[in-house]
Amino acid sequence: MSIKQDIIEIWNYRDMVFSLARRELRGKYEKSVLGFLWAFLGPLFQILIYGIVFTGIFHNNMPNFYIYLMTGILPWTFFSDSFGQGTGAIVYNAEMVKKIYFPREVLVIAEVTAKFINMLLSFIVMGFFILVSGVGFSLEIIQLPLIVVIEYILVLGMSFIVASVTVYFRDLEYVVHVILMALIWGTPIMYELKGINPFLLKLLYMNPFTTIISIYHDILYYHTPTQARDYLISFFEGLVILILGFQIFRHLKRRFAEEL
């Protein structure tokens, strides 16, 4: 089957994507007392904890530093949840893969989409804090949908890779969690890029999320226009990783049923 045919088939199963994403979101909260409210309370407590730690305990002179933290940590959470839990997108649905025919890509897309919706809901909490803090919004906010879509493309591509490779190499699930623990410190979430050693700065920009998180900061914290070059670089990186991830997934999915 050609790539074009694969894409058409995935599109024909779009209802299944949304159904699985809905199931993922409901399953996450349905047994809790507060239910779907945790989609808002989770980010709220996360913001409060990081704010207390990095403004009260580890003092920082940046004004409204918790806003800076928040505008980085929420997009990062979308990536880390999708990338970390994406390792099990196929493995944890083994029975479905072995018994039912459908494009296997649907499982990964649904997983990432559910996390993406969760991030969008958390942005409501973030917006409230941005307003009450006095930081407010600027015209740069119109660029927010663009970077959100770019991040989705990048995260989806990376999730395709780890979801398919984990079927053959189960230890990858644990390797990914180690990578995430290290990578969060290689992303400018809890510190600024200003004043960093030029050599170290080059290393940080090898991480595609350095540019993405920096754009979020520009839009929501600094209120400064981001150069079009940064958007193009991030989009190109995301598109390359998506194409690469999709191709790897297409190649490896042929023996999923046998390996599972």
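Description of the structure in this document. (Residues numbered from 1 in each chain as written. Predicted model: local features only at pLDDT ≥ 70, side-chain atom pairs only at ≥ 80, totals over all residues. Heavy atoms only, no water.)

### Quick notes on the overall build of the protein chain
In plain terms, the rule: We count a stretch as a helix when DSSP gives it H or I for four or more residues in a row; a strand needs E for two or more, and each element gets its number in order from the N terminus. Using C-alpha atoms as the atom set, the radius of gyration is obtained and then compared with a globule rule of 2.2 Å times the number of residues to the power 0.38. Only protein chains enter the accessibility calculation, which uses a 1.4 Å probe; a residue is then buried when its area is under 20% of its type maximum, exposed when over 50%, and partly exposed in between. By definition, residues are in contact when any of their heavy atoms lie within 4.5 Å.
Looking only at helices and strands, the protein chain features 12 helices and 0 strands. Order of helices (α) and strands (β) in the protein chain, N terminus to C terminus: α-α-α-α-α-α-α-α-α-α-α-α. Its C-alpha atoms give the protein chain a radius of gyration of 19 Å, near enough to 18 Å, the size a compact globule of 260 residues would have. Expressed as lengths along the three principal axes of its C-alpha atoms, the size of the protein chain is roughly 55 × 45 × 35 Å. Burial statistics for the protein chain: of 260 residues in total, 50% are counted as buried. Within the protein chain, contacts between residues separated by at least 24 positions form 80% of all contacts whose residues are at least 6 apart in sequence.

### A word on helix 6 (residues 105-133)
Applicable threshold: Working rule for helices: expected span equals 1.5 Å times residues minus one.
The first and last C-alpha atoms of helix 6 sit 41 Å apart over 29 residues, in line with the 42 Å expected at 1.5 Å per residue. Most of helix 6 sits out of view: 23 of its 29 residues are buried. Backbone geometry just after helix 6 places glycine 134 at a positive phi near 95°.

### Quick notes on the pattern of salt bridges
Using the following cut-off: Note on definitions: salt bridges are taken to be side-chain nitrogens of Lys or Arg within 4 Å of carboxyl oxygens of Asp or Glu.
Inspection of the entire model under this criterion finds 7 salt bridges. The shortest N-O distance in the salt bridge between lysine 194 and glutamate 192 comes to 3.9 Å. In this structure, a network of salt bridges that share partners links the residues Glu95, Lys98 and Lys99.

### Comments concerning helix 11 (residues 228-252)
With 25 residues, helix 11 should reach 36 Å at 1.5 Å per residue; the first-to-last C-alpha distance of 36 Å fits that figure. By the burial criterion, the buried members of helix 11 are Tyr231, Ser234, Gly238, Ile241, Gly245, Phe246, Phe249, Arg250 and Leu252. Packed against the buried residues of helix 11 are helix 1 (3-12), helix 6, helix 7 (144-168), helix 10 (208-222) and helix 12 (256-259).

### Observations regarding the environment of valine 167
With respect to the secondary-structure elements, valine 167 resides in helix 7. For valine 167, a relative accessible area of 2% translates into the label buried. Taking the C-alpha atoms as reference points, valine 167 and glycine 88, 79 residues apart in sequence, are found 8.3 Å from one another. With sequence-adjacent residues up to four places away left out, valine 167 is seen in contact with Ile90, Val91, Phe256, Glu259 and Leu260.

### Observations concerning the nonpolar core
The nonpolar side chains of a soluble globular protein tend to be buried with one another. Defined as follows: Residues grouped as a nonpolar core are buried Ala, Val, Leu, Ile, Met, Phe, Trp, Tyr and Cys residues, joined through side-chain atoms within 4.5 Å.
Met70, Phe79, Ile90, Val108, Ile147 and Tyr216 are the most contacted members of the largest nonpolar core, which has 69 residues in total. Those elements giving two or more residues to this core turn out to be helix 2 (14-29), helix 4 (65-85), helix 5 (94-99), helix 6, helix 7, helix 8 (172-183), helix 10 and helix 11. Here methionine 70 is in contact with Ile47, Pro75, Met126, Phe129 and Ile130, once residues within four sequence places are set aside.

### So, the packing of aromatic side chains
Formally: Aromatic rings from Phe, Tyr and Trp, taking only the six-membered ring of Trp, are treated as a pair when their centres fall within 6.5 Å; an angle between ring planes under 30 degrees marks them as stacked, one over 60 as edge-to-face, and anything in between as tilted. Here, over-ring charges are defined by two tests on the NZ atom of lysine or the CZ atom of arginine: distance to the ring centre within 6 Å, and angle to the ring normal within 35 degrees.
Per the counting criterion, the structure on display carries 17 aromatic pairs. Counting every residue linked through ring pairs, the aromatic cluster contains Phe160, Tyr168, Phe246, Phe249 and Phe256. A cation over an aromatic ring shows up here: arginine 104 above the ring of phenylalanine 102, its NZ or CZ 4.7 Å from the ring centre.

### Section: a nonpolar patch on the surface
Note the following rule: Any residue with relative accessible area above 30% and no salt bridge may belong to a patch, with like charges joined within 9 Å and the nonpolar Val, Leu, Ile, Met, Phe, Trp and Tyr side chains within 5 Å. Methods summary: accessible areas were calculated by the Shrake-Rupley approach with a probe of 1.4 Å, and residue burial reflects only the protein chains presented.
Side chains of Phe128, Leu131, Val132 and Phe137 sit close together on the surface and give an oily, nonpolar patch of about 420 Å² of accessible area. Take leucine 131: it is sitting in helix 6.

### A closer look at the environment of histidine 217
Among the secondary structure elements, histidine 217 is positioned in helix 10. Once you skip the residues sitting within four places of it in the chain, histidine 217 turns out to touch Tyr68, Thr71, Gly72, Pro188, Ile189, Tyr222 and His223.

### Observations regarding the packing of helix 6 against helix 7
Our working rule: Under this scheme, a helix contributes an axis fitted over its contacting stretch, all axes are lines through C-alpha atoms, and angles between N-to-C directions fall in the 0 to 180 degree range. Definitions for this section: a left-handed crossing has its near helix turned counterclockwise from the far helix by less than a right angle. A right-handed crossing has that turn clockwise. Residue polarity is assigned by list, with Asp, Glu, Lys and Arg as charged and Ala, Val, Leu, Ile, Met, Phe, Trp, Tyr, Cys and Pro as nonpolar; anything else, Gly included, falls into the polar class.
Contact geometry of helix 6 with helix 7 gives a least axis separation of 10 Å together with a crossing angle of 145°. Here helix 6 runs over helix 7; the crossing is right-handed. Residue-level inspection shows Glu105, Val108, Ile109, Val112, Thr113, Phe116, Met119, Leu120 and Phe123 of helix 6 in contact with helix 7, the latter providing Val148, Glu151, Tyr152, Val155, Leu156, Ser159, Phe160 and Ala163. Across the contact of helix 6 with helix 7, the residue classes tally to 13 nonpolar, 2 polar and 2 charged.

### Things to note about the side chain of glutamate 111
Along the chain, glutamate 111 turns up in helix 6. Excluding anything up to four places from it in sequence, glutamate 111 contacts Glu24 and Gln85.

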